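What follows is each chain in one-letter form.
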Amino acid sequence: MADSQQLLHLVFGGELTDPQSTEFVDTESLDLVGIYPNYKSALVAWRSKAQASVDDANMRYFIVHMHRMIDPEP
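Remember, it's a predicted structure, so these values are computed and weren't measured experimentally.

Looking at the nonpolar core
Ranked by size, the top nonpolar core spans five residues in total: V11, Y36, A42, A45 and I63. In this structure, A45 is in contact with V11, V33 and Y36, ignoring residues within four places of it in sequence.

Here it is as structure tokens:
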């Protein structure tokens, strides 16, 4: 690891029951895109998946800041 601190981020998505909610139709079919060492690389992966599914209003991808869950202290 270079000079930057490792801050893990998870990118995942799936079909929502309603585009205004965050409830998934089927949690067993979630698309787990990957875990990334920083926000910048997670954003690249998220953007790729989000753009690929832009025509499906019920499909949505998220970035989870895992490092905040692992170490909640700022």
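We are not done yet, so read on.
Some words on the sheet that holds strand 2 (residues 31-36)
As summarised here, the arrangement of the three strands in space is 2-1-3, forming an open sheet in which the pairing is antiparallel. Looking along the sheet, the strands with just one partner apiece sit at the ends: strand 2 and strand 3 (59-64). Going from strand to strand, the sheet's axes swing by 15° on average, the running direction of each strand aside. Across the face of the sheet, helix 1 (residues 39-52) comes into contact with strand 1 (9-15), strand 2 and strand 3 while running at roughly 175° to strand 3.

What counts, and where the lines are drawn
- Within each chain, residues carry numbers counting from 1 in the order of the written sequence.
- Predicted model: local features are reported for residues with pLDDT of at least 70 only, side-chain atom pairs are reported and counted for 80 or more only, and whole-chain, interface and lining totals are derived from all residues.
- Each side-chain value is worked out from all heavy atoms of the structure, with water and hydrogens disregarded.
- By convention a nonpolar core is built from buried Ala, Val, Leu, Ile, Met, Phe, Trp, Tyr and Cys residues, the set being connected through side-chain atoms within 4.5 Å.
- Using a 1.4 Å probe on the protein chains alone, a residue whose accessible area is under 20% of its type maximum counts as buried, one over 50% counts as exposed, and one in between counts as partly exposed.
- We call two residues contacting when some pair of their heavy atoms lies within 4.5 Å.
- Pairing between strands requires that DSSP locate at least two bridges from one strand to the other.
- Helix and strand labels come from DSSP, where a helix needs a run of H or I of at least four residues and a strand needs a run of E of at least two; each type is numbered from the N terminus.
- Axes here refer to lines fitted to C-alpha atoms; in helices the fit is confined to the stretch in contact. Angles between the N-to-C directions go from 0 to 180 degrees.

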